[in-house]
Amino acid sequence: MKKLLEIKNLKKYYHDISGETLAIDNISLNIYENEFISIVGTSGCGKSTLLSILASLEDKSSGTISFDRNNIKIGYMLQNDSLFPWRNILDNCLIGLEINGKVTDDDKKNVIKLLKKYDLADFIYKYPSELSGGMKQRVALIRTLAINPDILLLDEPLSALDYQTRLSLSDDLYAIIKQEKKTAVMVTHDLGEPKFKKSLFYNNPCIWYSSKSWSRTIPW
């Protein structure tokens, strides 16, 4: 199995006038191609901080993060769908490609194909206000997939939805990511969300689930 990412002895401190706060303490973790890892823990345990560091939105305090190649592409799906209300669904899905200046006719065809494949064919030219919460989250995932990322980071992507919608959409998100053969790391506070319990690692205050079945030690 190909290793995409290696994290060794990662630490993160936050500093203010009252002193320092340890947010992440000595994480070591390998992530492999097509693996889906879920990190479950309470608010403030460092889950989202880890994703921010992996996405280069925050600096680590110490430790190493090594990707298997240069210029690896990371897609980041936030807690809220963050769709632009003045853009239709297709244009929302193309925003990441537009920012990178890489929108081609093939890109548009691929996004339309994804929207049709995942039951959004009738909403391609609709606006976010015309979609349900669950549909908006599917659009947000397709927007992230549109840039063809090597690794997907999912920061509590279902937390803004009601319970019944979360139950159904968690199956949808997992199925879409596996069908598209993507490597993903999801953080959540809800023990009901992970669908991949072949392996379980408990390190207070977080539980780690992996879609693969080998054993690994993940100190926190």
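Residues numbered from 1 in each chain as written. Predicted model: local features only at pLDDT ≥ 70, side-chain atom pairs only at ≥ 80, totals over all residues. Heavy atoms only, no water.

(A) Just the packing of aromatic side chains, in detail. The full count for this structure, using the stated rule, is one aromatic pair. Look at Phe-84 and Trp-86: their rings are 5.0 Å apart centre to centre, the planes differ by 35°, and that puts the pair in the tilted class. The class for Phe-84 is partly exposed, based on a relative accessible area of 32%. Its relative accessible area of 62% is what places Trp-86 among the exposed residues. (Phe/Tyr/Trp six-rings, centres within 6.5 Å; stacked < 30°, edge-to-face > 60°. Buried < 20%, exposed > 50% of the residue type's maximum accessible area, 1.4 Å probe, protein only.)

(B) Spatial organisation of the nonpolar core. By size, the foremost hydrophobic cluster in this structure holds 31 residues, and its most contacted members are Leu-115 and Leu-141. Where this core is concerned, the elements lending two or more residues are helix H2 (89–93), helix H4 (105–117), helix H5 (133–145), strand S6 (151–155), helix H6 (163–179) and strand S7 (183–188). Top element by residues in this core is H5. It accounts for six residues. The contacts of Leu-141, once residues within four sequence positions are left out, are Met-77, Leu-152, Leu-173, Ile-176 and Ile-177. Among the nonpolar cores identified, the runner-up in size contains 20 residues, and Ile-7, Ile-24, Leu-50 and Ile-151 belong to it. (Core = buried A, V, L, I, M, F, W, Y, C linked by side-chain atoms within 4.5 Å. Helix = DSSP H or I, 4+ residues; strand = E, 2+ residues; numbered from the N terminus. Contact = heavy atoms within 4.5 Å.)

(C) Seen up close, the sheet that holds strand S1 (residues 3–16). As summarised here, the arrangement of the three strands in space is S2-S1-S4, forming an open sheet in which the pairing is antiparallel. Each end of this open sheet is capped by a strand with a single partner; those strands are strand S2 (19–32) and strand S4 (62–67). Pairwise comparison of adjacent strand axes, ignoring direction, gives a mean angle of 20° for this sheet. Taken together, the eleven bridges between S1 and S2 define a ladder with antiparallel strand orientation. Pairing of Leu-10 across the sheet is with Ile-27, part of S2. With respect to the sheet, helix H1 (residues 47–54) is in contact with S1, S2 and S4, its orientation differing from that of S1 by roughly 115°. (Pairing = 2+ DSSP bridges. Axes fitted to C-alpha atoms, helices over the stretch in contact; angles between N-to-C directions.)

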